[in-house]
Each structure stands twice: as C-alpha cells, then as structure tokens.
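Single-letter residue listing:
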Amino acid sequence: MKLYFNYLILLFKSQMQYKTSFWLLSIGQFLVPFSAFAGLYFLFERFGQIKGWDFYEVALCFAIIHMAFALSECFARGFDNFSSLVASGNFDRLLVRPRTTFIQVLGSKFEFTRVGRLLQSVIVLGWAVNNLSIDWNLIKLVTLLLMILSGVCIFTGIFILAATLCFWTIQGLEIVNIFTDGGREMAQYPLNIYQKWVTRFFTFVIPFGSVNYLPLLFLLGRAREHEILYMLTPLMGIVFLIPCLLVWLFGVRHYQSTGS
Amino acid sequence: MKSMKPYIAVLRLRLLNGMQYRAAAFAGVATQFFWGFIYVMIFQAFYAQSQTNQPISLEELVTYLWLQQSFLAFIMLWFRDNELFDLITSGNIAYEWCRPIGIYEFWYSKLLAQRLSSALLRCFPILFIACLLPQAYRMTLPPTIQTFLLFCIALILGLLVLVAISMFIYISVFITLSPMGSLLVFGVIGEFFAGMVVPVPLMPSWLQKIVYIMPFHLTADFPFRVYSGHIPNGDAIQGIVIQLLWLIVLVVLGKVAFSQVMKKVIVQGG
C-alpha cells in the first residue's frame, strides 16, 4: 500500500507541472456531468416523472453512479490506458519488478482532474438527499456507502476486463465503452424503466442493478419485504471484482510480449 | 477554381485513408446501437405516462435519436485529429508553414475528410437496420422527397458549419496548449447547445431562445428535424439560408483568429 501512495504523490507532482491544463481539465470534468445533470433537470421539468420516479430520486441515483464512475476513473485509470503499455512492450518492465502487476498498473496513472467530476456528484448527492424525505439511520448510511463502493468495484472490474483483453488484441477496444460509459449513462436512471432484457443483463451479468436499483428501493423505503436482502445487494458489485481479478491473473500468465 | 485543387486532393487522400479502419467502424456501429437503444428506452419511459401533448411526437423523436447516432461523426465536437494537436504542442507546426497552401484551408479539408469517411462507414448500417426494427424503435422515412432533399442540403451545410466551429478548438490550443482541456470545454458546451443531451424541442422555452442564437443547433438539431418533417419545408429553406450566413461568418472569423495566433506562435523547441 505504501508503494501505491508513493506512486500517487509522484503522479500528482507531475500533473501539477501543467497548471493551466490541469485546471482546464478539471473544469471540463466538472462540466461534463453538469450538462448531463442539466439535461436531466430539464427533462423532469417537462415530464414531471419517469415511471413513477420523481426528480430527486433519480438525482440520487445519478449522483451515486457518477461518483462511483469518477472514483474508479481516478484510481483505475492505469487499466483504462493499458493498451499502450502492451503495444509498446513496456509491460515487460513491470513483470521483472518484485511487486504484483496489479498494483503497478493501478499506480501507473491517476487522474486528479476527475476531482471536478467528483465534486459535481457530491453536490448533486447533497441536493438530492436534502430534498428527499428519508429517515436516515446507520443502516441506511451504510447502504449508501456500500452502493458507491459497489459501483466503484463494478467500473474497476470492467476496466480490468478490458485491459485483460489487450493481452490478446494488443489494441484497446472501443466496444468496451458500452459497458463503462454506456453503463454509466444507463445507470443514471433506476433500472426498471428499461425493457426486461436490459434490466436482466445489467442485474445478473454486470450487476449495475445492485448499485442503483435494488438498494435504492430500500433507501427510499419502497422495499416491502426482505428489506435486509435489498440492503445487502451492493455486495454483489464487490463480488463482481473477484472473477475480474482472476481473469487478469490468467491474462498475465498468457502474456506474450510484442517485443518492440 | 484551380486554387482548390490541392485541398480536394487532401480531401480525397484522407477519405481513402479513413476508410481503411473498417474494424473500428464495426465496433463503432455496435456501440452506437447500444446508445440508440438506451436513449429510445429512456424517452419511451418519459413519454409513457405524460398526459400533456409534447412539442415533438415520440415517433419523430425516435427518428431524431437514430439520426444522431448514425451521423455522430458529423456532430460531435470531441471527434478530433490528434495529429494536428501534436503539431501545435510539439512545435512541428513550423513544417506546415513551408507548404505552399493556406494552412486554414488545408486543416479544414483534413478535418472534413476525417468526419466524412467516418460517417460514410458507419451511417448506412445504422440507418438501414434502424428502419427495419420493430415498430416501437423504428426510424421513419421522411414524409416527402422534397423534405429528404432539404435534409441532405441541411446535413451537408451543418457539417461544414461544424468543421468551421471545430477549427476554433485547434486555434484555442495555440493559446492553452492543452488539447484535452480545450476539447472538453468546447465539446461539452457545443453538444449541449446542439441538442445532444436534451433534444432542442424538449428544452424549456427560455433555453431554446439561447440555443437559436448560437450556431450549434444548425449542425445537428436542425437537419434532423427537417428530416422528420417537424420543421416544415418553408422554414427549412429559411434555416438553410441562416446556415449559409453562419458558415461565412465562422470561416471569416476563423481565418482572422488563425492568422492572429499564427503571428504569435512560439515554436516549442525542436
């Protein structure tokens, strides 16, 4: 862990060398979800509700998924850019060092500019929670934190899977964006507004449903029975990370250097 | 007309070059389909329980969304040429000066070709399949042949306007030296006002007024609504005239700004 923090400090220092760039990027990162959120607001102003969900409930959903996305993009950015590491053959260097590849790739990049995005989702979260009549207790607070953590795990898992694919394809695949950007965009809304097949896929294959829909029912007091089950669903997202890591290890073992 | 020749040659070369990336285009098509489906479903859910009449029907909106997905390369500002960014930040811009042609026109045709080739590869499969989908998701055909012709003109003019806007991104990089930062700020603002986040007809009326003052909606929103007949033919012709005026204004302003930054350019090392 200490090694990871050393990586972070180094990267922070290097990114602060370009101050204008840093601030422009941070502002940009703030604006991206801001425009998405403004869009959400205007749509609700026109339509009032979406399948029985009102604006603040969806805003809560939006904030959680964006926060999770921002955090995982911060931390797991190294996996997102992994294809360049493989294509250039620089991955060989990581293999000869006496540390796990996982922590080295994780520490190879850290996007501090995502702070803008994070800040935006924190504001939305605060606003949504303020306007929702939830009677908060410890369990609900834990659920909220679990939801965010679970989201981070899922996004990180997808990043890792995409990176593992690079061992075979060398090139990064645009199609993976369906699950990262697409997943984020989709999970802004409670999952039950979509058709059944989408809902099923994103509950049982990639468990976004366990971040934004099932525990949300519990938070809003809509879950009638088995409340505890609804509360624990975010754990599915954390479990999702395990097969991803196994696939990663499998990929590392089958790595063939490009030699360049 | 003779002076246009090198630019047309650049256009053709780039077009052929861009057409080589078929696997990337295939992946792009799949991605666009996913997005299209998600957006259609979201709006279906919104429309499902709305009592009041909306300013654009669901059917027109679905067509609008599919057109957005198929012509993404025509309307997305973040669609970029990293080569040009590298030229600016690395100082290799000096080589561009040696060419016996105008740099503004040269870059303009480069960017135009890049967008054209990408869209040509992607739009047909998406449009074709979107027209065959089950009723709820299906894209409709334009009501009359005149409408279709107007749509084609509006789309092409929209593309020319967009490239003219995107030139300003590259110009701004001369000042900020941060390609990603410029791109992000331009991209987010441009896309919002082009109706990519919320379709323009669904925006509140005060926001629509702002949108109509700016050129961004001419690139995406306007041609797509001409297609579905949401904008009647008469108004469409008026809109095309506005597109032409904007195009002239943007190109002139762009050339002036370009020559200004070029005067001050600092070649960053060698």
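Each chain has its residues counted from 1, following the order in which its sequence is written. To label them, take the chains in the order written and letter them from A, then take the ligands in the order written and number them from 1. Thresholds applied to this predicted model are a pLDDT of at least 70 for local features of residues and 80 or more for the giving and counting of side-chain atom pairs; totals over whole chains, interfaces and linings are not thresholded and use all residues.

Let's hear about the overall build of chain A: which residues, and what values?
Put simply, DSSP H or I for four residues or longer makes a helix, DSSP E for two residues or longer makes a strand, and each gets a number counted from the N terminus. Each helix and strand in chain A was counted, giving 15 helices and 0 strands. Radius of gyration: C-alpha atoms only; globule rule: 2.2 Å multiplied by the number of residues to the exponent 0.38. The globule rule puts the C-alpha radius of gyration for 260 residues at 18 Å, and the 19 Å found for chain A is close to it. The burial tally for chain A puts 42% of its 260 residues in the buried class. We call two residues in contact whenever the C-beta atoms placed from their backbones are within 7 Å. Sequence separation of at least 24 residues holds for 79% of the intrachain contacts in chain A that already meet a minimum separation of 6. Counting other C-beta atoms within 10 Å of a residue's own tells you its class, since 20 or more makes it buried, 12 or fewer makes it exposed, and anything in between is partly exposed; those C-beta atoms are placed from the backbone.

Outline the overall build of chain B, supporting the account with residue identities and numerical values.
A count of helices and strands for chain B gives 12 helices and 0 strands. Listing the helices and strands of chain B from first to last along the sequence gives α-α-α-α-α-α-α-α-α-α-α-α. Against the compact-globule benchmark of 18 Å for 270 residues, chain B has a radius of gyration of 20 Å, which places it among compact chains. For chain B, the residues scored as buried account for 42% of the 270 residues in total. Residue pairs at least 24 apart in sequence account for 83% of intrachain contacts in chain B once pairs closer than 6 positions are excluded.

Please give an account of the interface of chain B and chain A that cites residues and values.
Taken together, the 28 residues of chain B in the interface contact 33 residues of chain A. Of all elements in the fold, only helix H2 (22-48) and helix H9 (179-193) of chain B reach the threshold of two or more residues within the side of chain B that touches chain A. If one sorts the elements of the side of chain B that touches chain A by residue count, H2 of chain B sits on top with 13 residues. Classifying every residue of the side of chain B that touches chain A by side-chain character gives 21 nonpolar, 7 polar and no charged. Any residue outside Ala, Val, Leu, Ile, Met, Phe, Trp, Tyr, Cys, Pro, Asp, Glu, Lys and Arg is labelled polar, Gly included; the first ten of those are nonpolar and the last four are charged.

Before we move on, can you summarise the nonpolar core with the specific residues and values?
If you look at soluble globular proteins, the nonpolar side chains tend to sit buried side by side. The biggest cluster of nonpolar side chains holds 147 residues, and the ones touching the most others in it are Phe62, Ile64 and Ala68 of chain A together with Ile75 of chain B. Residues in contact with phenylalanine 62 of chain A, not counting those within four places in the same chain, are Phe37, Leu40, Val124 and Gln188 of chain A. In this usage, the nonpolar core is the set of buried Ala, Val, Leu, Ile, Met, Phe, Trp, Tyr and Cys residues whose C-beta atoms join them within 7 Å.

I'd like a description of the packing of helix H1 (residues 2-15) of chain A against helix H7 (residues 101-108) of chain A, backed by residues and values.
To characterise two packed helices, one gives the angle between the axes of the helices and the distance between these axes. Residues and elements named next belong to chain A. Where H1 meets H7, the closest approach of the two axes is 9 Å, and the angle between their N-to-C directions is 20 degrees. Between H1 and H7, the crossing angle belongs to the class labelled roughly parallel. The two elements H1 and H7 cross, and the hand of that crossing is right-handed. Judged by residue contacts, Leu3, Tyr4 and Tyr7 of H1 engage Ile103, Leu106 and Gly107 from H7. Considered class by class, the residues forming the contact of H1 with H7 number 5 nonpolar, 1 polar and no charged. Every axis in this analysis is a line fitted to C-alpha atoms, fitted for helices over the stretch in contact. Angles between the N-to-C directions lie between 0 and 180 degrees. Comment on the angle field: the value is read as roughly parallel under 35 degrees, roughly antiparallel over 145, roughly perpendicular from 65 to 115, and oblique elsewhere. Each crossing is labelled by how the near helix is turned from the far one, with a counterclockwise turn of less than a right angle marking it left-handed and a clockwise turn marking it right-handed.

Go over H1 of chain A, please, and point to the residues and values.
Compared with the 20 Å implied by 1.5 Å per residue over 14 residues, the 20 Å span of H1 of chain A between its first and last C-alpha is a close match. The buried fraction of H1 of chain A is low, at 0 of 14 residues. Under the convention used throughout, the expected extent of a helix is 1.5 Å for every residue step, that is, one less than its residue count.

Give a description of the packing of helix H3 (residues 58-70) of chain B against helix H7 (residues 103-132) of chain B that names residues and reports values.
Residues and elements named next belong to chain B. As a packed pair, H3 and H7 sit with axes 8 Å apart at the nearest point and diverge in direction by 155 degrees. When the axes of H3 and H7 are compared, the pair comes out roughly antiparallel. Considering only the axes of H3 and H7, their crossing is right-handed. Residues Trp66, Gln69 and Ser70 of H3 touch H7, and the partners they reach there are Arg122, Cys123, Ile126, Leu127 and Ala130.

Give me the lowdown on the confidence of the model for chain A, citing residues and values where you can.
Chain-level pLDDT for chain A is 81 on average; 96% of the residues reach the 70-or-more range. Within chain A, helix H5 (residues 82-87) of chain A has the poorest average pLDDT of any element, 73, and helix H3 (residues 55-75) of chain A the best, 88. pLDDT measures how confident the predictor is about each residue, on a scale from 0 to 100.

Give me the confidence of the model for chain B: which residues, what numbers.
For chain B, the average pLDDT comes to 83, and 95% of its residues sit at 70 or higher. Our summary of model confidence lists the complex with pTM equal to 0.82 and ipTM equal to 0.81.

If you had to explain the environment of alanine 59 of chain A to someone new, which residues and values would you point to?
Residues and elements named next belong to chain A. Residue position: alanine 59 is located in helix H3. Separated by 132 residues in sequence, alanine 59 and leucine 191 have C-alpha atoms that sit 14 Å apart. Sequence-distant contacts of alanine 59, defined by excluding residues within four places in its chain, comprise Val124, Trp127 and Ala128.

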